[in-house]
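Coordinates in review
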Amino acid sequence: MNSKVSKADADLRKILAEKRIKGIEDKRVGSEVFDKQTLETLYKLAKMGYIKQLYGVISTGKEANVFRGLDDHGNFVAVKIYRITTSDFKKMKNYIHGDPRFRVRTSNKRQLVTAWVSKEYRNLKRAHDVGIKVPKPLIAKNNVLIMEFIGDDQGNPALPMQESVLSEPQKVLNKVIEYMKKLYKDAKLVHGDLSGFNILINQGEPIIIDISQGMVLDHPLAMELLNRDIDNIVRDFNKIGIKITKDQIKAKIMD
Ligand SMILES: Nc1ncnc2c1ncn2[C@@H]1O[C@H](COP(=O)(O)OP(=O)(O)OP(=O)(O)O)[C@@H](O)[C@H]1O
Ligand SMILES: [Mg+2]
């Protein structure tokens, strides 16, 4: 028998026996269960104090599931767990190979997902550091990203703009444009998947999320992504009755 594998098995059994994360054993998403490496990663994060308890799923996406958790200090956290099997590797590969911050030249799925998660962490940090409201990133490890939980004190997550009714849509749009500008001018990034789906509304305020595909400006695709982001914002705000054009947004960002 392979001694490395059996040692890993023994380690995992030990960690499982410690039952460090409450509620993890029955965390199923549909028919999905956490694979072994994800479990190991979660237990390591538990040992480090990042998660003490994992509650139900907030969202099941194409590539990742987002859970609400609790850390050792009793704060809610958002735990985004990427699936190794069903992630869009072609997309990940294209985006990562063009990013000068990453020297990953691999086609190995786990390594790609790890790079992807660390890219999301770094993009969030860069955005956070220039004053854009995003969930503060706490740690990235393998296929798991832990970040600030956006929602109320009771643990109810904030809803995406697409599912919210805005009482002051013009104010929200102004903030979103301000953040797009900050991202572009100060963080030197474009989001790349910005739309009403990736803007959470918390007490009437927009918070930008899901920035894993965010690109540095010197990437050849950056301008194309920025244009697409602007198109999406125009479409989603026109839909709720706010008049704004692509050129107006562009002028504000480049101003
Ligand atoms: N920090 C957070 N706090 C509260 N809820 C969150 C947080 N991050 C994400 N969510 C919830 O999870 C949903 C999905 O998150 P996100 O957009 O990051 O992943 P995704 O769209 O599933 O990613 P992908 O499309 O790459 O699989 C969000 O719409 C939101 O409801
Ligand atoms: Mg999303």
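Preceding this section is the structure that the text describes.
Now for a description of the structure that goes with this document. (Residues numbered from 1 in each chain as written. Chains lettered and ligands numbered in written order. Predicted model: local features only at pLDDT ≥ 70, side-chain atom pairs only at ≥ 80, totals over all residues. Heavy atoms only, no water.)

Here's the deal with the site of ligand 1
As a matter of local geometry, ligand 1 sits amid 19 residues, with Glu63, Lys80, Glu148, Ile150 and Asp210 nearest to it. Here a nitrogen atom of ligand 1 sits 2.9 Å away from a polar atom, N or O, in the main chain of Ile150. In the environment of ligand 1, an oxygen atom lies 3.1 Å from a nitrogen or oxygen atom belonging to the side chain of Asn198. For ligand 1, whose accessible area on its own is 620 Å², the fraction buried by protein is 90%. The set of elements that each furnish at least two residues to the shell around ligand 1 consists of strand 1 (53–60), strand 2 (64–70), strand 3 (76–82) and strand 5 (144–148). When its residues are assigned to classes, the shell around ligand 1 shows 11 nonpolar, three polar and five charged. Both domain 1 (22–148) and domain 2 (159–254) contribute no fewer than three residues apiece to the shell around ligand 1. (Near = heavy atom within 4 Å. Polar contact = N/O pair within 3.5 Å; in protein donor to acceptor, adjacent residues only side chain to side chain. Areas by Shrake-Rupley, 256 points an atom, 1.4 Å probe, with all protein chains shown as cover. Helix = DSSP H or I, 4+ residues; strand = E, 2+ residues; numbered from the N terminus. Nonpolar A, V, L, I, M, F, W, Y, C, P; charged D, E, K, R; others polar. Domains from an automatic or database assignment.)

What about the sheet that holds strand 6 (residues 159–160)?
The strand order 6-8-9 describes an open sheet built from three strands, whose pairing is antiparallel. Each end of this open sheet is capped by a strand with a single partner; those strands are strand 6 and strand 9 (205–208). Sheet analysis places strand 8 (residues 199–202) next to strand 9, joined by four bridges and oriented antiparallel. Its bridge partner being in strand 9, Ile199 is matched across the sheet by Ile208. Of the strands in this sheet, strand 8 and strand 9 are in contact with helix 5 (residues 169–185), which crosses strand 9 at around 30°. (Pairing = 2+ DSSP bridges. Contact = heavy atoms within 4.5 Å. Axes fitted to C-alpha atoms, helices over the stretch in contact; angles between N-to-C directions.)

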